[in-house]
Amino acid sequence: DGPVDAVRIENMNTVLDDNKKLCLMSGEIIQMSNKQSMIFETEDLEQASPATISRCGMIYMEPSELGWEPVLSSYLATLQPQFSEEQLETIRVVFEWLL
């Protein structure tokens, strides 16, 4: 969350390349598997370089269009093992009633 820090994101370019290697400041290199992905949620791309942007898939979502439903759905998914489907639906209905 927040704006892109130019120095920090440039250091992430090796992870975003096809070789998927994370190069740490200590000199250690961590190889990511092909099954791993990274997600960055940013405030804006003002400080991002064209090289960084070209390595990422971008999805822009207007915050006002997103609403509260995805947040609720994500939260309910974390409760899945503890509650039945019927109980989760009751929680959803109560949230909708409150909002």
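Residues numbered from 1 in each chain as written. Predicted model: local features only at pLDDT ≥ 70, side-chain atom pairs only at ≥ 80, totals over all residues. Heavy atoms only, no water.

Q: Teacher, can you tell me more about the overall build of the protein chain here?
A: Helix and strand counts for the protein chain stand at six helices and two strands. Reading the protein chain from its N terminus to its C terminus gives the helix and strand order α-α-β-β-α-α-α-α. Its C-alpha radius of gyration of 19 Å places the protein chain more than 25% over the 13 Å reference for a compact globule of 99 residues. Projected onto its principal axes, the C-alpha positions of the protein chain cover 50 × 30 × 20 Å. Sequence separation of 24 or more characterises 44% of the internal contacts of the protein chain that already satisfy a separation of 6 or more. (Helix = DSSP H or I, 4+ residues; strand = E, 2+ residues; numbered from the N terminus. Rg over C-alpha atoms; globule rule 2.2 N^0.38 Å. Contact = heavy atoms within 4.5 Å.)

Q: Please explain the environment of Asn 11 as it appears in this structure.
A: Its place among the elements puts Asn 11 in helix H1 (residues 6–11). Assessed through its relative accessible area of 39%, Asn 11 is described here as partly exposed. Distance from Asn 11 to Cys 23, taken between C-alpha atoms, is 7.4 Å for residues twelve residues apart in sequence. (Buried < 20%, exposed > 50% of the residue type's maximum accessible area, 1.4 Å probe, protein only.)

Q: For this particular structure, what's the right way to read the packing of helix H5 (residues 69–79) against helix H6 (residues 85–98)?
A: The interhelical angle for the contact between H5 and H6, taken along N-to-C directions, is 155 degrees, at an axis separation of 11 Å. The orientation of H5 with respect to H6, classified from their angle, is roughly antiparallel. H6 is crossed by H5, and the crossing has right-handed handedness. Across the interface between the two elements, Leu 72, Ser 73, Leu 76 and Leu 79 of H5 pack against Leu 88, Ile 91, Arg 92 and Phe 95 of H6. Split into classes, the residues belonging to the contact of H5 with H6 amount to six nonpolar, one polar and one charged. (Axes fitted to C-alpha atoms, helices over the stretch in contact; angles between N-to-C directions. Parallel < 35°, antiparallel > 145°, perpendicular 65-115°, else oblique. Left-handed = near helix turned anticlockwise from the far one by under 90°. Nonpolar A, V, L, I, M, F, W, Y, C, P; charged D, E, K, R; others polar.)

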